[in-house]
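# Survey of secondary and tertiary structure
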Amino acid sequence: MNKKPRVVVGLSGGVDSSVAAHLLLEQGYEVIGMFMKNWHDESVTISNECPWMEDSTDAMLVAEKLGIPFQAIDLSEEYRERIVDYMFAEYEAGRTPNPDILCNREIKFDIFLKAAQKLKADFVATGHYCQKGSVEIDGKPVYQLLAGADPNKDQSYFLCQLSQEQLAKALFPIGHLQKSEVRAIAKNLDLITAEKKDSQGLCFIGKVRLPEFLQQQLKPKKGKIIQIPDNLAVFNRLKIPAGVALEDLDTDELDALALPVHYQANQGKVLGEHNGAHYFTVGQRKGLQVGGTGKPLFVIATDTKENNIYTGLGDDHPGLLRNALFVKEKDIHWIREDLVLTPGQSAKYQARIRYRQPLTEATLIRREKGLYVIFDQAQKGIASGQFVAWYNADECIGSGTIF
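Along each chain, the written sequence defines residue order, and numbers are assigned to residues from 1. Per-residue local features of the predicted model are confined to residues with pLDDT of at least 70, and side-chain atom pairs are confined, for both listing and counting, to 80 or more; whole-chain, interface and lining totals are unaffected and use all residues. Think of the side-chain values as coming from all heavy atoms in the structure, minus any hydrogens and water.

Think of it this way: any DSSP run of H or I at least four residues long counts as a helix, any run of E at least two long counts as a strand, and we number them from the N terminus. Broken down by element type, the protein chain carries eight helices and 18 strands. Our radius of gyration looks at C-alpha atoms and nothing else; its globule reference is 2.2 Å times the residue count to the power 0.38. Whereas a compact globule of 403 residues would reach a radius of gyration of roughly 22 Å, the protein chain reaches 23 Å, a difference of no more than 12%. Counting only C-alpha atoms and orienting by the principal axes, one finds that the protein chain spans roughly 75 × 55 × 35 Å. Considering the protein chain as a whole, with its 403 residues, one finds that 53% of them fall into the buried category. For this analysis, residues touch if any pair of their heavy atoms sits within 4.5 Å. Across the protein chain, contacts joining residues at least 24 apart in sequence account for 70% of those joining residues at least 6 apart. Here the Shrake-Rupley method, with its probe set to 1.4 Å, supplies the accessible areas, and only the displayed protein chains count as covering residues. Roughly 18600 Å² of accessible area belongs to the protein chain as shown, and the carbon and sulfur atoms make up 48% of that amount. For every residue, the accessible area obtained with a 1.4 Å probe (protein chains only) is divided by the maximum for its type, and the residue is called buried under 20%, exposed over 50%, and partly exposed between those limits.

See the structure below:
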């Protein structure tokens, strides 16, 4: 008799992973539920919003109901090192991190995967809304990361840093379902998580007050809010040159298009004060507490060295809209290694720079020092430290950290 393949499911205490575990049982897998405890610090979580103890209990009750073994694993040390310290460092440097993407790459599909393999697991599974495919190339399977069937919940962007090795071991049991169907299954099974609200906030931490969280490490310090006019000469360099094929642009021309603008305090007027440039991110409009500007004010850049925030008036300000971005060579990641672009090559894909953003047509141009992504339509709030992911239809091909 053949042994059933063994899967360890990351039970988070939410409805998605609960239903994922049930579906795997139905498909004939041997299923083990595992809860990852990644956070201890109650001082910055908002009271009663998704504290880990309640989640852990819910996960255990789901495992009991499904009749599967359950264990909890404490990964808070690794989480602090790989995710929290990274977040602080990024904010301090004036970049905007994406802890959820890192959490998937570093925690769920690395540390958690290794813990599962100690239990002799063949696969790990999560409640992500995405799907896995495979194609055969040169006689070997090449795994594909595909969008979830529910367009409102597709989470492929959060998994855009996974490798072939990680995808080979991953299962996404609910990716072909709509959220409403997942809730209906949970209700039919009378699972405690059936009506539970989706968790918001940082991956696994629950709801965190970000300013308080950052203030633990990054002390408040007063700085200037500066409004940049929309007619600076430097904005001319951000325009795509007319009548030239993008592939024919030289590296200097590509840099002019894709690299962020560095503003100086004397280029604008002071509107007010803030408590620390590292608490703000490009594209942000809330929390500036500056009134009387008529149109809404947006952050267009932060300078954590000088502790200045640069802002622009209106959502069509040329400092807020950019046609291109750059990814350094070391930060380019291909899920589909067979489709890697080498220096001098270019390709058309669709791309997004944030979760749930509609995909936009883009040209990828590879040069020695990295990858240029040039969008057909200008993008609002391209922020250094965030991730750009590129797709062919519903398949995520690769991603990179925005410079």
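Now, onward.
Let us now look at the pattern of salt bridges. Should the charged atoms of two oppositely charged side chains come close, the side chains can pair. What makes a salt bridge here is a side-chain nitrogen of Lys or Arg within 4 Å of a carboxyl oxygen of Asp or Glu, nothing more. Scanning the entire structure with this criterion turns up 22 salt bridges. When the shortest N-O distance is used, the salt bridge between glutamate 106 and arginine 82 registers 2.7 Å. Highlighted residues: glutamate 106 in helix α4 (residues 99–118) and arginine 82 in helix α3 (residues 76–92), separated in sequence by 24 residues. The class of glutamate 106 is buried, set by a relative accessible area of 15%. For arginine 82, a relative accessible area of 30% gives the class partly exposed.

Let's shift gears to the sheet that holds strand β9 (residues 269–274). Taken together, four strands build an open sheet; the order of strands is β9-β8-β11-β10 and the sheet is mixed. Strands at the two margins of the open sheet, each flanked by one partner only, are β9 and β10 (297–303). Ignoring strand direction, the axes of neighbouring strands in this sheet form an average angle of 30°. Where strand β8 (residues 223–227) lies against strand β11 (residues 308–313), four bridges are found, and the strand directions are parallel. What sits directly across from isoleucine 226, in β11, is tyrosine 310. Two strands qualify as a pair provided that DSSP identifies no fewer than 2 bridges between them. Lines fitted to C-alpha atoms define the axes, with helix axes restricted to the stretch in contact, and inter-axis angles between N-to-C directions lie between 0 and 180 degrees.

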